[in-house]
2 protein chains.
Amino acid sequence: MAENEIEKCEVEEIHVDKVRAVTKNMPDEDELYDLAELFKVFGDSTRMRILFALFEADICVCDIAETLNMTQSAISHQLKILKQAKLVNFRREGKSVIYFLADDHVRTIIDQGREHIEE
Amino acid sequence: MAENEIEKCEVEEIHVDKVRAVTKNMPDEDELYDLAELFKVFGDSTRMRILFALFEADICVCDIAETLNMTQSAISHQLKILKQAKLVNFRREGKSVIYFLADDHVRTIIDQGREHIEE
DNA sequence: CAAACATATGAACAAATGCTCATATGTTAA
DNA sequence: TTAACATATGAGCATTTGTTCATATGTTTG
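Please read these numbers as outputs of a predicted model, since none were measured by experiment.

Asks: How would you explain the pattern of salt bridges if you had to name every residue and give the values?
Replies: Tallied over the full model, the rule gives 15 salt bridges over all chains. Between B:E119 and A:K86 there is a salt bridge, with the nearest N and O atoms lying 2.6 Å from each other. On the criterion of chain membership, the pair formed by B:E119 in the segment after α7 (105-117) and A:K86 in the loop between α6 (72-84) and β2 (88-93) is interchain, its members lying in two chains. Taking the relative accessible area as the measure of exposure, B:E119 reaches 62% and is therefore exposed.

Dropping the structure here:
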């Protein structure tokens, strides 16, 4: 292994320092995984649409389905993912289940994303 | 179609209003797609690791590979995705290509993600 | 120029993802 | 309790995604 490093980059001393510095502040495995999982949830246009819908109003599954012109089942599956990521919460109202945004990080994250896209 | 709506929710009038209100502020197809694509880029722990590395220093492909203990090819493929999303930029320095963060949205988005995870 | 190094890229393959369909669970009203 | 409505969920399937392997491109040095 130590011999292997020498074979790599010419200016290996500088590089080793950089690698060490960069490694130092790297979050642990679990946090990296959780972060990636969180952003993965934002990374689907159906879920994005659902979140935008919830920006405007608390709304039931059936209405989300109608708004997005998709099946109830597809929406329900996606809501499960949003729930697991704690991006949305829900309350029962009679036969309906009303979903709503869990907290303001959702808006902030999406707003930053939009800003980035506008260059 | 019009008949179909009546078959759906009992309190359809309220629902129709909600659907209309919610639809009104929905970003267009393209923006939703772009947003989802952007967050998809954050949704992989290898790319997340690369971004954290770039938080600390501008660094070449070979050093990223060594830091993450992955092959040069895998890193290069991921850097291409980060480049396309304009999250990173690069400059040539001799034989090496040095990558660096494109702008501060990257930090803000990731910071918000971390905050969300800490509940 | 040729050799060595650093990076990029295309094809292939396994794993993950999103939707559909059928059906289960839960709630209300007759 | 039964029927009707609203939502949830498991299995199956097609598509997407991340890595590896082999190789191409680009840069410097002898």
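Asks: For the sheet that holds strand β2 (residues 88-93) of chain B, give the residues involved together with the corresponding values.
Replies: Residue and element names in this part refer to chain B. With respect to topology, 3 strands assemble into an open sheet ordered β1-β3-β2, the strand pairing being antiparallel. With one partner strand each, in any of the chains shown, β1 (59-60) and β2 form the two edges of the open sheet. Examined bridge by bridge, β2 and strand β3 (residues 96-101) share 6 bridges and lie antiparallel to one another. In the sheet register, F90 faces β3, and the bridge partner there is Y99. Most of the contacts of helix α6 (residues 72-84) go to β2, to which it runs at about 120 degrees, and overall it touches β2 and β3.

Asks: I'd love a proper account of the protein's contact with DNA strand C, names of residues and values included.
Replies: Lining the immediate environment of DNA strand C, one finds 29 residues, of which A:T46, A:S73, A:Q78, B:S73 and B:Y99 sit closest. The share of sugar and phosphate among atoms of DNA strand C within 4 Å of the protein is 66%. A:T71 is positioned with one of its side-chain polar atoms (N or O) 3.1 Å from a phosphate oxygen of DNA strand C. A:G94 is positioned such that a nitrogen or oxygen atom in its backbone is 3.4 Å from a sugar or linking oxygen of DNA strand C. Counting only elements with at least two residues in the surface near DNA strand C, the list comes to α4 (45-56) and α6 of chain A together with α5 (61-68), α6 and β3 of chain B. Sort the elements by how many residues they give to the surface near DNA strand C and α6(B) lands first, with 6 residues. Per-class residue counts for the surface near DNA strand C are 8 nonpolar, 11 polar and 10 charged.

Asks: Give me the lowdown on the relation of the copies chain A and chain B, citing residues and values where you can.
Replies: Least-squares fitting of chain A to chain B yields an RMSD of 0.0 Å, with the transformation described by 0.0 Å of translation along the axis and a rotation of 180 degrees. Classification of the inter-copy transformation places it as that of a two-fold axis. Most of the interface of chain A is mirrored in chain B, where 100% of its interface residues are also at the interface.

Asks: Can you tell me about the protein's contact with DNA strand D, naming the residues and giving the values?
Replies: Around DNA strand D sit 29 residues, and of these A:S73, A:Y99, B:T46, B:S73 and B:Q78 come closest. The sugar-phosphate portion of DNA strand D accounts for 66% of its atoms within 4 Å of the protein, the bases making up the rest. At a separation of 2.6 Å, a phosphate oxygen of DNA strand D approaches a polar side-chain atom of A:Y99. The set of elements that each furnish at least two residues to the surface near DNA strand D consists of α5 (61-68), α6 and β3 (96-101) of chain A together with α4 (45-56) and α6 of chain B. Per-element tally for the surface near DNA strand D: the top contributor is α6(A), with 6 residues.

Asks: An account of the sheet that holds β3(A) is needed here, citing residue identities and associated values.
Replies: Sheet strands pair by backbone hydrogen bonding; their relative direction is either parallel or antiparallel. Spatially, the 3 strands line up as an open sheet ordered β1-β3-β2 (chain A), and their pairing is antiparallel. Both edges of this open sheet fall to β1 (59-60) and β2 of chain A, since each of them pairs with a single strand only.

Asks: Any chance you could break down α4(B) for me, citing the residues and the numbers?
Replies: Residue and element names in this part refer to chain B. Under the 1.5 Å per step criterion, the end-to-end length of α4 is 17 Å for 12 residues, consistent within 8% with the ideal 16 Å. Within α4, 11 of the 12 residues are buried, which leaves the element mostly enclosed by the surrounding structure. Listing the buried residues of α4 in full gives S45, T46, R47, M48, R49, I50, L51, F52, A53, L54 and F55. Between a side-chain oxygen at the N-terminus of α4 and the backbone nitrogen of T46 the separation is 3.0 Å; the capping residue is D44.

Asks: Break down the pairing of β3(B) for me, citing the residues and quoting the values.
Replies: Sheet analysis places β1(B) next to β3(B), joined by 2 bridges and oriented antiparallel. In the sheet register, B:C60 faces β3(B), and the bridge partner there is B:I98.

Calculation notes
Residues numbered from 1 in each chain as written. Chains lettered and ligands numbered in written order. Predicted model: local features only at pLDDT ≥ 70, side-chain atom pairs only at ≥ 80, totals over all residues. Heavy atoms only, no water. Salt bridge = Lys/Arg side-chain N within 4 Å of Asp/Glu carboxyl O. Helix = DSSP H or I, 4+ residues; strand = E, 2+ residues; numbered from the N terminus. Buried < 20%, exposed > 50% of the residue type's maximum accessible area, 1.4 Å probe, protein only. Pairing = 2+ DSSP bridges. Contact = heavy atoms within 4.5 Å. Axes fitted to C-alpha atoms, helices over the stretch in contact; angles between N-to-C directions. Near = heavy atom within 4 Å. Polar contact = N/O pair within 3.5 Å; in protein donor to acceptor, adjacent residues only side chain to side chain. Nonpolar A, V, L, I, M, F, W, Y, C, P; charged D, E, K, R; others polar. Least-squares fit on C-alpha atoms with pLDDT ≥ 70 in both. Expected span 1.5 Å × (residues − 1).

Function cannot be read off these values alone, since they describe shape.
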